[in-house]
Amino acid sequence: MVYPTLKIGKHQPRFPLIQGGMGVKISGPRRAGAVAKAGGVGTIATVGLAVDSPHYNGRNYFDANELAVKDALAEARAEAPGGILAVNAMVALTDYERHVRAACEGGTDIVISGAGLPLKLPEYTKEFPDVALVPIVSSTKAANLILRRWEKQYGRIPDGFVVETPLHAGGHLGATKLEQVTDPALSLEVVVPELAAFLRDEARLDIPIIAAGGIWDRSDMERAFSLGAKGVQMGTRFACTVEGDASERFKQAYVDAREEDVVIIKSPVGIPGRALKTPFVAKYLEGEVTSKPCIANCLSHCSYRNDRSAFCIAQALVDAYRGDYENGLFFCGDNVVKCTRIETVPEIMKELFGD
Ligand SMILES: Cc1cc2nc3c(=O)[nH]c(=O)nc-3n(C[C@H](O)[C@H](O)[C@H](O)COP(=O)(O)O)c2cc1C
């Protein structure tokens, strides 16, 4: 099979594949290390790593998270020496800057950043010029805005763009309103060629586009490459692997999921998210809002903190990671219905890229 070379700044993985960052702790050091070892880019989601860290004493969430990011990178690096590691840091977090700085100090190769526009990312990483910076966008407009701002303010251009379509992806979606989730104008088929043409013809930049959302097998991947992507980012398929940080119950929920179990909710962050209709989510969709207490004011905008119209998302995601099906928020892409067993990372890589 012929596939493109994916070069992100100074980093070139053997295969043009990024395992998407999945919080809380769905993509921790074990999963990221396994993917990096197998020749892809392994991504650690920085959100909420503190909760299971020995540094956390119940009162020092932000300090502990910073140390936990560095620990996670060290653990993944030990698993995959010479492999390529990224962190996924969400702009929507109160301590976003600290996540990014800790990741750079901890030796990440790439910072991938979405859930908001990472307009200040070059400022937070300026002492680490070898760290590649990759914003996640869902439209050419957003990519253009980031490009112009970074060039003007910091004289820096992104090292790649992840284009994630809300039509299929798991987790928080790049759409402000629920209706936009199904808008064909935000499909990979529209946005990837449009952004590729914009970068080539208008911006005159050779920056790779990485397509995300709804990619499961080789034919999905080839379709993305034919649209102009130089790589793919996959989340849902890697969330259900043996080498994982999440509980077995989390993975089993993926295996059991049927089409009618996949729903869109309004997340406390204020944007839509795709998740399994667990008993907790079913009640929330019916208007019954219950929540465990806030862990740590982790979001800049939080509709639980503001007016109690939603729930503490950190708690619900931690419950999911620990395997509490009743109370957890199990993020997933709509491809979760294709998940029929728990695979290993090398099995997936072999199926996608051959020997
Ligand atoms: C369980 C889960 C958690 C996720 N958490 C994050 C996250 O913390 N930050 C982020 O930018 N994207 C997150 N995502 C999105 C993934 O990184 C990835 O881009 C997306 O899942 C790709 O679509 P796919 O699931 O159809 O492969 C999450 C996805 C899943 C399934």
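For the structure, see preceding data.
What counts and what doesn't
Residues numbered from 1 in each chain as written. Predicted model: local features only at pLDDT ≥ 70, side-chain atom pairs only at ≥ 80, totals over all residues. Helix = DSSP H or I, 4+ residues; strand = E, 2+ residues; numbered from the N terminus. Rg over C-alpha atoms; globule rule 2.2 N^0.38 Å. Buried ≥ 20, exposed ≤ 12 C-beta atoms within 10 Å, placed from the backbone. Contact = placed C-beta atoms within 7 Å.

## A look at the overall build of the chain
Thinking step 1. Regarding its fold elements, the chain presents 13 helices and 11 strands.
Thinking step 2. In terms of C-alpha radius of gyration, the chain reaches 19 Å, essentially the compact-globule figure of 20 Å for 355 residues.
Thinking step 3. Projecting the C-alpha coordinates of the chain onto the three principal axes gives extents of approximately 50 × 40 × 40 Å.
Thinking step 4. The buried share of the chain, taken over its 355 residues, is 55%.
Thinking step 5. Taking the intrachain contacts of the chain between residues at least 6 apart in sequence as the baseline, contacts between residues at least 24 apart amount to 65%.

## Notes on helix H12 (residues 313-322)
Side chains that are three or four residues apart share a direction in an α-helix, a result of its 3.6 residues per turn.
Thinking step 1. Of all 10 residues in H12, nine are buried; the element is thus mostly enclosed.
Thinking step 2. Looking at H12, one finds that the buried residues are Ile313, Ala314, Gln315, Ala316, Leu317, Val318, Asp319, Ala320 and Tyr321.
Thinking step 3. Of the surrounding secondary structure, the elements contacted by the buried residues of H12 are helix H9 (248-256) and helix H10 (279-285).
Thinking step 4. Just downstream of H12 lies glycine 323, where phi reads positive at about 100 degrees.

## Brief notes about the environment of alanine 34
Thinking step 1. Its location among the elements puts alanine 34 in helix H1 (residues 29-37).
Thinking step 2. Taking the C-alpha atoms as reference points, alanine 34 and alanine 50, 16 residues apart in sequence, are found 21 Å from one another.

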